[in-house]
Protein chains: 2
Amino acid sequence: MPKNCNFIEKLREVGLRPTKQRVKMCEVLYNREKTFHFTINDLVKLLSEKMNQKISLATVYNTVHAFEKKGYLKEISINSDKSYFDTNTSLHHHFYDEDTHELIDCDENDIDPVNIKKNITGKKINSVEVLVKVASDNQNQK
Amino acid sequence: MPKNCNFIEKLREVGLRPTKQRVKMCEVLYNREKTFHFTINDLVKLLSEKMNQKISLATVYNTVHAFEKKGYLKEISINSDKSYFDTNTSLHHHFYDEDTHELIDCDENDIDPVNIKKNITGKKINSVEVLVKVASDNQNQK
DNA sequence: CAACAGTTTAGAATTATTATAATGTAGATT
DNA sequence: AATCTACATTATAATAATTCTAAACTGTTG
């Protein structure tokens, strides 16, 4: 499987040991057309489906965080009881559907660059995230 | 105490029964110069300090959510293990200090209006939130 | 292939939050 | 002012997400 070799290389490049679990997670996360959004729970379900042997919940957490630290994944700021991650690590923003709890990517044409005129001494800006919360137009909003 | 009467009236206006606990929470939350940001835990600590009798954790949760539903408080979208609330319910954005986990208000001059060019059919925009994550400039970032 | 450091694992522990069921109380009604 | 009723509060239990732990395992290096 040439794809896997690719992932093994990529993992090595950022200094992560290409273990079975990590390579499998790469397959599940990156062998797809579009980038996608998920919670740990989503990912565990996907992995159990697509894998012969089982993977520990703790491993999924560890690996997701390892990927995040190395820039393979981005955590998305939504105030929810769960954490959301995104395989699209480029600078972009999100719509959050409050009815379905789905995340929708914005590409760079959807939202104009955000112009920040304030700066805090001694601090550098790590990220600028825009979250547009939407809900059904007819029914009553929260 | 004329302040409390004020709060009692305000609570009545939005259809919340002005119980001892709710009035006390109003005092703690709104008898201050600046708007402020807190987690449930922060608030519980503040309340236990400033109150003679104790208040149940469940009551703090219930009351915060009651206040949120009635527009007395706004929840802020940060991906954290805790929920953050803001006594400033007007449209504004935030800086989040990843070192200290502190929230800092932006006023309308700090960030230009965000121009959203995408719209999702059948959905209306409920809110647009910008979160600027900052961290110390010298030490290594996450 | 031996050794070591980093990983995985199951399960326990922790933390935030919500549910439950009994008791208390604000506000209306007598 | 006594009573009633619906809503609030409370302590505690339950749930859910996440992290910790300590033992077993596995890439990688030499």
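What counts as what
Residues numbered from 1 in each chain as written. Chains lettered and ligands numbered in written order. Predicted model: local features only at pLDDT ≥ 70, side-chain atom pairs only at ≥ 80, totals over all residues. Heavy atoms only, no water. Contact = heavy atoms within 4.5 Å. Buried area = accessible area lost by both parts, 1.4 Å probe. Salt bridge = Lys/Arg side-chain N within 4 Å of Asp/Glu carboxyl O. Helix = DSSP H or I, 4+ residues; strand = E, 2+ residues; numbered from the N terminus. Buried < 20%, exposed > 50% of the residue type's maximum accessible area, 1.4 Å probe, protein only. Least-squares fit on C-alpha atoms with pLDDT ≥ 70 in both.

## A look at the interface of chain A and chain B
With 43 residues of chain A at the interface, the matching set in chain B holds 43 residues. Carbon and sulfur atoms supply 47% of the area buried between chain A and chain B, which totals about 3,800 Å² over both sides. Looking at the side of chain A facing chain B, the largest losses of area belong to Asn79(A), Lys118(A) and Lys123(A), adding up to 16% of the total buried there. Here chain A is connected to chain B by ten salt bridges.

## Looking at the pattern of salt bridges
If charged atoms from side chains of opposite charge come close, those side chains can pair. Evaluated as defined, the whole model comprises 16 salt bridges over all chains. Residue Lys118(A) pairs with Asp110(B) through a salt bridge whose shortest N-O separation is 3.7 Å. In this pair, Lys118(A) is assigned in the loop between β5 (102-106) and β6 (123-136) and Asp110(B) in the loop between β5 (102-105) and β6 (123-136), connecting two distinct chains. Judged by relative accessible area, Lys118(A) falls into the partly exposed class, the value being 23%. Measuring nitrogen to oxygen at the nearest pair gives 3.7 Å for the salt bridge that ties Lys24(B) to Glu27(B). On the criterion of helical spacing, the pair formed by Lys24(B) and Glu27(B) is a turn pair, its members being three residues apart in helix α2 (residues 20-30). Overall, the relative accessible area of 19% leaves Glu27(B) in the buried class. Taken together, the shared-partner salt bridges connect Asp97(A), Asp99(A) and Lys123(B) into one network.

## Section: the relation of the copies chain A and chain B
The operation relating chain A to chain B is a screw motion whose rotation component is 179 degrees, with 0.1 Å of axial translation and a residual RMSD of 0.2 Å. Taken together, the rotation angle and the small translation identify this as a two-fold axis. It is Val130(A) whose C-alpha, among those of chain A, lies nearest the rotation axis, at 2.2 Å. Here 100% of the interface residues in chain A have copies in chain B that are interface residues too; the copies meet face to matching face.

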